[in-house]
Amino acid sequence: MRKNKKTIKLSKQCRLIIEKDNKFKSMGVEVIFFGKFDYKKITIYSVLSRILANSNKMYPTMQLMNQRKEELYDATLDIVYKYWYQMAVLKFVGNFVNPKYVTSKTYEEDIFAFLAETIFNPNIQNHAFDNDLFNISKSYVYNEILLQKDQPSAYAMIALLKLLGNKKQAIAASVFGDKKVLNELTPSNLVDYYNELVQSPFDIYVYGDVQFSKIVRMIKKYFCFEPTRQRKKYLPSKAILPFQIASKKIYKDVSQAKLAIAYTTGIVFNDKNCYAMRVLNNLLGENQQSKLFIELREKQGLCYSIFSHFDSVYGMIYIYTGIPMNQVDKVIEEIDKQIQAIQNGEFSSLDMDRAKIDIISTLKKMKDNMFEYLNYEFRYSLYNENINLDEIINKYQEVTKKDIIHVAKKIQYKTHVVVTKKD
Amino acid sequence: MKQKKYKKINEKVYTFTLENQLKVYFIPRKGFQSKMAIIAAKFGSFYSQLNLKRNQETIKIPYGTAHFLEHRMFSIKNQDATELFSNLGASSNAYTSYTTTAYYFKCNDQFYENLDILLSMISSFDSSESQIENEKQIIIEELNMYKDNPYTKLMQTLYQNSYAVHPINQDVGGDEKSVKSIDKKILLACFDAYYQPANLALVIVGDLDLQELKDYLSKMTFFENKGQHQKIKKISFKNEPLSILKQKDIIQKDVSIPMFGMLFKLKPVLPKKMQLEYLKTEILLSYFFDASGIYTEEWLKQKIITSAIGYYHGMNIDLNYIIIYNINNKYENAINHILEVFDKKHFTMTLQDLNRIKNKLVGSILKEHESVEDLSKEYLAYLFDGMDYFEEIDILEQITLDDIRETYLSISNAPYSIAIERKDVK
């Protein structure tokens, strides 16, 4: 185990992971509750997270709670529901200033007390959340559901994912929630969901310029809580099947067409071919010299930006771009040609090395952003793997051209969405 | 070389002025893997419509030229600088603002090899006519992409309805017509005039050895072939009237919920006062409209608003304004409430409020220092506006309640323009 990292078992169901890094001027704390993906919880937790982030027993109104965050030197608290196939978590992500920079001697104690109060002592009275704050939170979520259509590029991607499963499956569910689920929520039934949440097993990650003993003492003081629910294993990935499905055209008053395409690969996070697939994705459309960027933007001037993204939860590659409305068919054809070229081995060692360097460089930089690093570490932990950046880098370095051609042959077109203007 | 220390925030900056007049700023970042260099020219979209002299010819700069030049500066003698950076594991990019065009790379290793590429591309213009032609469609697609963003369209409308003379009423990238009118002659004229070392600044951030950096800079030969520096004319837009052009505008846009924006046109301030002015406004608007603000929760309860109010303070050469915006079906009611806040009678801030908001700003400023990329860009932006980014907390501490009251009254007295985006405009 590295000297700057400690993992401590807080109870049967909960762990504390502390990583010391004295270069930061702030400290990151993540409290992560584990559970099974539930479609309804996207909406439910969206409302709940707004209520919890804006009130607790000690600071029962939005104004008082947020004034307290200001007193604590811009203490930020984001609460997010993340899910990967059957696995899901609700994360409380706190970012606080490094106590070295503040005059208050009790600052560290104050922030852990505040965080614990927010999670474990919400403003519930007579088995209901405050009605006003409930309605405010509900209206925020309602607006977000409506507004997802207003950013056409993002909307093309949301619509593409929707085609890939039924709306209750994690891959296809809108991250903004569902109006029907929202309408069924009440200040009282939300308390039941909250109670279920805090009985779930959790881990706490603390990252920054910290003293181990002090953090352990404070976590034990404020987070000494034994959940009743057992820690269970849920599948965090499953490959989407390769059969084609009908594409979709959406009409909207736009200045350029937004195109989003999905391909299956059959390769997911813990597959040994995943490293080769990430290198492939990088050279196809992730790095600044990718085949798609060079061919479609630099040579043909068809777009300003084009990207591909490898989704290792479902083994999918998504490509998205904004293009002139009369060029959609041509662009789809060109993208297909670039994929075929990789399948035929038409890429140089320089292309491959550049892709590897780009990925490795990103990995090396990861520890400059504590939350990015924590996310990465957490993804590996879902597969019971400890993160070892050197080993991961080695695996990327070992990828050969043959490996890339092998995984390229697994890529199959699934479907696409075009957001465009009516003729 | 000069060294400036900022004890309270544990920062220091080394400044070098090279023989060719290029200024270099180095901010050490011990323990960070990322190293970044950003070089910028004092040349942005506000320089459009000026006349430049080149080879006895007078050339008028079309709108969008600074942005176009940014797109074409990545050519180095038939090679693509982006590719050269990528080969060395660096990521690179550029951006154009109203007064600046900046180019940067970020890497872990081979910093000086990457710096060679950056300085090489910024010290010569190597694009061919066909490359310039090809770039036009790419830029037009970029402009189309921004047009589809409801927020961008709303802001552009507010600028056009508020400013008669000031070039903020034009998009940084120009429009399709102006982009098509740009050619090699125009780009070269701008390059010659504005990409002189004296008009550039280089900011370096990362865990680098100071001596190695000094050695590199002492041997650096880029810009040697640059001819005699032309004197660069300062731009100013003092003839912009204080009044606005149009009080209210309703725009057709395919949006699910109407969005409105209100631009309050304020008197411009001197560059050295901008940092103070920015912080004062931030404190005031936070006091009113943040989640901790005195109106937000109450207005949400009363359904005057159904989502957070956003605000933005813009300052630049002869320019000072704030924009308040919100997404709202009952926008007329919300607009009236906001106008009432600025009726000169609603300033109730206490010293306790002020100190609390100052605490918040100290925290957010310290957090900003953690990202090598954000720090490099922010330091440069402040530098070009004649300010010191690391003095922000000192300036903040000096702000009094009277200062905030003064800002409140200046907003209350300012002319304003309103724009509303909705989908069913008759």
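Quick caveat: nothing in here was measured; it's all calculated off a predicted structure.

### Digging into the overall build of chain B
Then comes step 1: A count of helical and extended segments in chain B gives 15 helices and 16 strands.
Then comes step 2: For a compact globule of 426 residues, the expected C-alpha radius of gyration is about 22 Å, and chain B comes in at 23 Å, within 12% of that figure.
Then comes step 3: In terms of overall dimensions, chain B has a C-alpha envelope of 65 × 55 × 40 Å along the principal axes.
Then comes step 4: The long-range fraction of contacts in chain B, counting pairs at least 24 apart against all pairs at least 6 apart in sequence, stands at 79%.
Then comes step 5: About 17900 Å² of surface is accessible on chain B, with carbon and sulfur atoms providing 47% of the total.
Then comes step 6: Side chains of chain B carry 53 positive and 55 negative charges; the gap between the two charge centres is 5 Å.

### Structural notes on the overall build of chain A
Then comes step 1: Along its length, chain A carries 15 helices and 13 strands.
Then comes step 2: With the C-alpha coordinates aligned to their principal axes, the bounding extent of chain A is approximately 60 × 50 × 40 Å.
Then comes step 3: For chain A, the proportion of its 423 residues judged to be buried stands at 59%.
Then comes step 4: A total of about 17800 Å² of accessible surface is found on chain A, and carbon and sulfur atoms cover 49% of it.
Then comes step 5: When the 62 positive and 46 negative side-chain charges of chain A are each reduced to one mean point, those points stand 3 Å apart.

### Observations regarding helix α2 (residues 62-71) of chain A
Then comes step 1: Of all 10 residues making up α2(A), 7 are buried, and the element is well covered by its neighbours.
Then comes step 2: Close packing links the buried residues of α2(A) with α1 (39-54), α3 (107-120) and α4 (131-147) of chain A together with α9 (274-289), α10 (296-301) and α12 (351-368) of chain B.
Then comes step 3: Y73(A) lies just past α2(A) and shows a positive phi near 55°.

### Looking at the environment of D74(A)
Then comes step 1: Inspection of the secondary structure puts D74(A) in the loop between α2 and β4 (76-84).
Then comes step 2: Once the C-alpha coordinates of D74(A) and V97(A) are considered, the two residues, 23 residues apart in sequence, prove to be 7.7 Å apart.
Then comes step 3: Setting aside residues no more than four positions away along its own chain, D74(A) makes contact with K69(A), N95(A), N359(B), K360(B), G363(B), S364(B) and K367(B).

### Here we look at the interface of chain B and chain A
Then comes step 1: Residue-level contacts link 65 residues of chain B with 57 residues of chain A.
Then comes step 2: Scanning the region where chain B abuts chain A turns up 9 salt bridges.
Then comes step 3: In this structure, the salt-bridge partner of R356(B) is E70(A), at a minimum N-O distance of 2.9 Å.
Then comes step 4: Joining chain B to chain A, the criterion identifies 37 residue pairs in polar contact (both at pLDDT 80 or more).

### Observations regarding the pattern of salt bridges
Then comes step 1: For the structure on display, the rule yields 53 salt bridges over all chains.
Then comes step 2: A salt bridge links E30(A) to K91(A), with the nearest nitrogen and oxygen atoms 3.6 Å apart. Here K91(A) lies in strand β5 (residues 87-97) and E30(A) lies in strand β3 (residues 26-36), a separation of 61 residues in the sequence.
Then comes step 3: One salt-bridge network, in which partners are shared between bridges, spans E70(A), D290(B), D353(B), R356(B) and K360(B).

### What to know about helix α10 (residues 291-299) of chain A
The periodicity of an α-helix, 3.6 residues per turn, causes residues three or four positions apart to be oriented the same way.
Then comes step 1: Taken together, the buried positions of α10(A) are K291(A), L292(A), F293(A), E295(A), L296(A) and R297(A).
Then comes step 2: At its buried positions, α10(A) is contacted by α9 (274-286), β11 (306-311), β12 (316-323) and α11 (328-343) of chain A together with α1 (65-72) and α4 (129-147) of chain B.
Then comes step 3: Taken from the residues just after α10(A), G301(A) is the one with a positive phi, measuring 60°.

### Looking at the nonpolar core
Then comes step 1: Core analysis: the biggest nonpolar cluster contains 225 residues, and V31(A), F92(A), L280(A), I335(A), F289(B), I324(B) and F342(B) have the highest contact counts within it.
Then comes step 2: When residues of this core are assigned to their parent elements, the largest contribution, 9 residues, is made by α1(A).
Then comes step 3: Looking at this core, you find at least three residues from each of domain 1 (2-219) and domain 2 (248-422) of chain B.
Then comes step 4: Once residues within four sequence positions are removed from consideration, F92(A) is found in contact with V29(A), E30(A), V31(A), F33(A), L52(A), L77(A), D78(A), I79(A), I119(A) and L197(A).
Then comes step 5: One finds L22(B), V24(B), I76(B) and I186(B) within the second-largest nonpolar core, a separate group that totals 81 residues.

### Let's talk about the domain arrangement of chain B
All names here are of chain B.
Then comes step 1: Here chain B is partitioned into domain 1 (2-219) and domain 2 (248-422).
Then comes step 2: Centre-to-centre, using C-alpha coordinates, domain 1 lies 28 Å away from domain 2.
Then comes step 3: Contacts between domain 1 and domain 2 engage 43 residues on the former and 42 residues on the latter.
Then comes step 4: Taken together, the two surfaces of domain 1 and domain 2 that pack against each other cover about 3700 Å², and 70% of this comes from carbon and sulfur.
Then comes step 5: Together, L154, L158 and Y163 form the three largest contributors to the area buried by domain 1 at its contact with domain 2, with a combined 16%.

### Considerations on the pairing of strand β13 (residues 259-265) of chain B
All names here are of chain B.
Then comes step 1: Summarising burial for β13: 7 of the 7 residues are buried, a large majority.
Then comes step 2: The two faces of β13 match: M259, G261, L263 and K265 on one face and F260, M262 and F264 on the other face are all buried.
Then comes step 3: Taken together, the 7 bridges between β13 and strand β15 (residues 319-327) define a ladder with antiparallel strand orientation. Bridging from a neighbouring strand, F264 pairs with I322 of β15.
Then comes step 4: Of the strand pairs in this sheet, β13 and strand β16 (residues 416-422) are connected by 6 bridges, and their pairing is antiparallel. Each bridged residue has a counterpart across the sheet, and for F264 the counterpart in β16 is Y416.

### Here's the deal with the packing of α1(A) against α4(A)
Residue and element names in this part refer to chain A.
Then comes step 1: Across the interface, α1 lies against α4 with an axial gap of 9 Å and an inter-helix angle of 130°. With respect to α4, the axis of α1 lies oblique. Of the two elements, α1 crosses α4, and the hand of that crossing is right-handed. Of the residues in α4, those touching α1 at T43, S46, V47, R50, I51 and N54 are L133, F134, S137, K138, Y140, V141 and E144.
Then comes step 2: A breakdown of the residues in the contact of α1 with α4 according to their chemical character gives 6 nonpolar, 4 polar and 3 charged.

### Quick word on the sheet that holds strand β1 (residues 2-6) of chain B
All names here are of chain B.
Then comes step 1: Within the open sheet, the 7 strands sit side by side as β1-β2-β3-β11-β4-β10-β9. Their pairing is mixed. With partners counted over all chains shown, the strands left at the sheet margins are β1 and β9 (91-96), one partner each. Here the average twist between neighbouring strands, direction ignored, is 15°.
Then comes step 2: Sheet strands touched by helix α3 (residues 111-122): β4 (35-41), β10 (101-107) and β11 (200-206). Its angle to β10, the strand with the most contacts, is close to 160°.
Then comes step 3: The strands touched by helix α8 (residues 210-219) within the sheet are β2 (11-17), β3 (23-28) and β11, with β2 carrying the most contacts at an inclination of about 20°.

Parameters and conventions
Residues numbered from 1 in each chain as written. Chains lettered and ligands numbered in written order. Predicted model: local features only at pLDDT ≥ 70, side-chain atom pairs only at ≥ 80, totals over all residues. Heavy atoms only, no water. Helix = DSSP H or I, 4+ residues; strand = E, 2+ residues; numbered from the N terminus. Rg over C-alpha atoms; globule rule 2.2 N^0.38 Å. Contact = heavy atoms within 4.5 Å. Areas by Shrake-Rupley, 256 points an atom, 1.4 Å probe, with all protein chains shown as cover. Lys, Arg positive; Asp, Glu negative; His and termini not counted. Charge placed at Lys NZ, Arg CZ, Asp CG, Glu CD. Buried < 20%, exposed > 50% of the residue type's maximum accessible area, 1.4 Å probe, protein only. Salt bridge = Lys/Arg side-chain N within 4 Å of Asp/Glu carboxyl O. Polar contact = N/O pair within 3.5 Å; in protein donor to acceptor, adjacent residues only side chain to side chain. Core = buried A, V, L, I, M, F, W, Y, C linked by side-chain atoms within 4.5 Å. Domains from an automatic or database assignment. Buried area = accessible area lost by both parts, 1.4 Å probe. Pairing = 2+ DSSP bridges. Axes fitted to C-alpha atoms, helices over the stretch in contact; angles between N-to-C directions. Parallel < 35°, antiparallel > 145°, perpendicular 65-115°, else oblique. Left-handed = near helix turned anticlockwise from the far one by under 90°. Nonpolar A, V, L, I, M, F, W, Y, C, P; charged D, E, K, R; others polar.

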